[in-house]
Amino acid sequence: MLSRRGANILFVVLMAGVMSFVMSFVMTLANTRLDSGFWDRWLRAFVLGYVVALPTAMVVVPLVRRFTDRLAR
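The following refers to the structure shown. (Residues numbered from 1 in each chain as written. Predicted model: local features only at pLDDT ≥ 70, side-chain atom pairs only at ≥ 80, totals over all residues. Heavy atoms only, no water.)

Observations concerning the overall build of the protein
Part 1 of the argument: Each helix and strand counted, the protein has 2 helices and 0 strands in total.
Part 2 of the argument: In terms of overall size, the protein is more extended than a compact globule, its C-alpha atoms giving a radius of gyration of 16 Å where 73 residues would be expected to give roughly 11 Å.
Part 3 of the argument: Summarising its shape, the C-alpha atoms of the protein cover approximately 50 × 30 × 15 Å along the three principal directions.
Part 4 of the argument: Among the 73 residues that make up the protein, the fraction classed as buried is 15%.
Part 5 of the argument: Long-range contacts, defined as pairs at least 24 residues apart, comprise 56% of the intrachain contacts of the protein with a sequence gap of at least 6.
Part 6 of the argument: Within the structure as shown, the protein displays about 5800 Å² of accessible surface, and the carbon and sulfur contribution to it stands at 72%. (Helix = DSSP H or I, 4+ residues; strand = E, 2+ residues; numbered from the N terminus. Rg over C-alpha atoms; globule rule 2.2 N^0.38 Å. Buried < 20%, exposed > 50% of the residue type's maximum accessible area, 1.4 Å probe, protein only. Contact = heavy atoms within 4.5 Å. Areas by Shrake-Rupley, 256 points an atom, 1.4 Å probe, with all protein chains shown as cover.)

Written out as structure tokens, the structure is:
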């Protein structure tokens, strides 16, 4: 069983990965269409997106959680 902190970190890692996966796929497809080089372009976009998304999410998610907790009180 994961600790609360471990669960929060896993959530951020998975969410950044899923969002990077979907957004890079959609944007690569929209901008370049499905051709022979699509998968290479998409994979590069996904890796770059994830490298940016993960540290961004590690900083932003706790701030957004605090903000929404305050709104919910």
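Here's the deal with the pattern of salt bridges
Part 1 of the argument: For the structure shown, the criterion picks out 1 salt bridge.
Part 2 of the argument: In this structure, arginine 41 engages aspartate 35 in a salt bridge whose closest nitrogen and oxygen atoms are separated by 2.7 Å.
Part 3 of the argument: By relative accessible area, arginine 41 is classed as partly exposed at 26%. (Salt bridge = Lys/Arg side-chain N within 4 Å of Asp/Glu carboxyl O.)

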